[in-house]
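Structure at a glance
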Amino acid sequence: MNNKKLLIVTGAGQGIGKNIALSSSNKYDLLLISKSLNCKKVVNEIKKREKNLTRKINYLKINLEKNFNPKLILQKANIKNYGIIHLILCAGIVDKTKSSFLKSSEWHKVFNVNFIANIKIINVFIKFFKYSKKQNKIIIFSGGGAASSFKEFPIYSASKTALVRTVENYSEIFSKNNLSIFAVAPGAVNTKMLQK
């Protein structure tokens, strides 16, 4: 019976994703995903902290704003080595300016990161989750944009609302499998996004 555990964190180069990666239990191997090489710095920081490193820690640079192949994550994760995989999907962006909602290119960019990328990542792991004998988890950071209107960031708000409803639907669809899927909004967190 395979008891090895893998934790995959997107947005791991800064903000919430970085903090989750840095505070993760050493019971989990890690795959950190970021649009920049900041995730490599986070890996190095973890390796410095853990003197006798007993877990595998890896990173993958993927820009979720662009069309990407989620199978790259599947390959890098090397899922056949694991009995349990948890996804924590933290990557997110807000509208560039107050008038961004007038540009369809900005809608595409924000939705690609906040919605489409998350769904692509979940969908590529679904086969593993459907046949797993162990309890797996997906936690997605929805943000306050799904709870109320954000006149400064209408695209962000719309993308997070779509994400929450999809998570609710997926939760029901996969309720009979060993998969728990949640959307959480932690409230205001001191990140670059909050400063905007």
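Up top you'll find the structure we're talking about.
In this text, all values refer to a predicted model and were calculated from it rather than measured experimentally.

Procedures and definitions
- Residues numbered from 1 in each chain as written.
- Predicted model: local features only at pLDDT ≥ 70, side-chain atom pairs only at ≥ 80, totals over all residues.
- Heavy atoms only, no water.
- Pairing = 2+ DSSP bridges.
- Helix = DSSP H or I, 4+ residues; strand = E, 2+ residues; numbered from the N terminus.
- Axes fitted to C-alpha atoms, helices over the stretch in contact; angles between N-to-C directions.
- Contact = heavy atoms within 4.5 Å.
- Expected span 1.5 Å × (residues − 1).
- Bend = angle between axes of the 7 residues up to and from the residue.
- Disulfide = S-S within 2.5 Å.
- Buried < 20%, exposed > 50% of the residue type's maximum accessible area, 1.4 Å probe, protein only.
- Parallel < 35°, antiparallel > 145°, perpendicular 65-115°, else oblique.
- Left-handed = near helix turned anticlockwise from the far one by under 90°.
- Phe/Tyr/Trp six-rings, centres within 6.5 Å; stacked < 30°, edge-to-face > 60°.
- Lys NZ or Arg CZ within 6 Å of the ring centre and 35° of its normal.
- Core = buried A, V, L, I, M, F, W, Y, C linked by side-chain atoms within 4.5 Å.
- Polar contact = N/O pair within 3.5 Å; in protein donor to acceptor, adjacent residues only side chain to side chain.
- Right-handed = clockwise from strand over helix to strand, strands pointing away.

Pairing within the open sheet is parallel, and its six strands lie in the order E3-E2-E1-E4-E5-E6. At either margin of the open sheet sits one strand with a lone partner, and together these are strand E3 (57-61) and strand E6 (179-184). Adjacent strand axes in the sheet meet at a mean angle of 15° when their direction is disregarded. Here helix H4 (residues 104-131) sits on the sheet and contacts strand E1 (5-10), strand E4 (84-89), strand E5 (136-141) and E6; the angle it forms with E4, its principal contact strand, is near 170°.

Quick look at the environment of Val 9 now. Mapped onto the elements of the fold, Val 9 is located in strand E1. For the pair Val 9 and Lys 176, spaced 167 residues apart in sequence, the C-alpha to C-alpha distance is 25 Å.

End to end, H4 covers 39 Å across 28 residues, agreeing with the expected 40 Å (1.5 Å per residue, within 8%). The largest bend in H4 amounts to roughly 55° and is located at Asn 112.

Working definition of a disulfide: a covalent bond connecting the sulfur atoms of two cysteines. Counted according to the given criterion, the structure contains zero disulfides. With no disulfide of its own, Cys 39 has Cys 90 as its nearest cysteine by sulfur position, at a separation of 13 Å. For Cys 39, a relative accessible area of 0% corresponds to the buried category.

On to the packing of helix H1 (residues 15-22) against helix H2 (residues 38-49), then. For the pair H1 and H2, the least separation of the axes is 10 Å and the interaxial angle reads 25°. One finds that H1 runs roughly parallel with respect to H2. For the element pair H1 and H2, the recorded crossing hand is right-handed. Touching Lys 18, Ala 21 and Leu 22 of H1 are Val 42, Glu 45, Ile 46 and Arg 49, all from H2.

For the rest of this paragraph, the subject is the packing of aromatic side chains. Per the stated rule, a full pass over the model turns up five aromatic pairs. Note on Phe 128 and Phe 129: the rings are 5.8 Å apart at their centroids and 70° apart in plane angle, and the pair reads as edge-to-face. For Phe 129, a relative accessible area of 1% translates into the label buried. Aromatic rings pair up to connect Trp 107, Phe 111 and Phe 115 into one cluster. Above the plane of the ring of Phe 68 lies Lys 120, whose end atom (NZ or CZ) is 4.4 Å from the centre.

Residue placement: Leu 6 occurs in strand E1. In sequence terms Leu 6 and Ala 162 are 156 residues apart; their C-alpha atoms lie 27 Å from each other.

What follows deals with the nonpolar core. With 38 residues, the main nonpolar core has Leu 87 and Phe 125 as its most contacted residues. Looking at this core, the elements that each hand over two or more residues are E1, strand E2 (28-34), helix H3 (71-77), E4, H4, E5, helix H5 (154-173) and E6. No other element matches H4, which puts 13 residues into this core. Each residue touching Phe 125, except ones within four places of it in the same chain, is listed here: Ile 8, Ile 73, Leu 74, Ala 77, Ile 79, Ile 85 and Leu 87.

Glancing now at the side chain of Asn 114. Within the secondary structure, Asn 114 sits in helix H4. Take Asn 114: its relative accessible area is 0%, and that puts it in the buried class. Within the structure, Asn 114 has its side chain in polar contact with the backbone oxygen of Ile 93 (distance 2.8 Å). In contact with Asn 114, not counting residues within four places along its chain, are Ala 91, Gly 92, Ile 93, Tyr 156, Ser 159, Lys 160 and Leu 163.

Attention now moves to the pairing of E1. Burial analysis of E1 places five of its six residues in the buried class, the great majority of the element. Strand direction decides the pairing type here: E1 and E2, joined by six bridges, are parallel. When the sheet's bridge partners are listed, Leu 7 is paired in E2 with Leu 30. Between the parallel pair E1 and E2, the chain is carried across by H1, and the sense of this crossover is right-handed.

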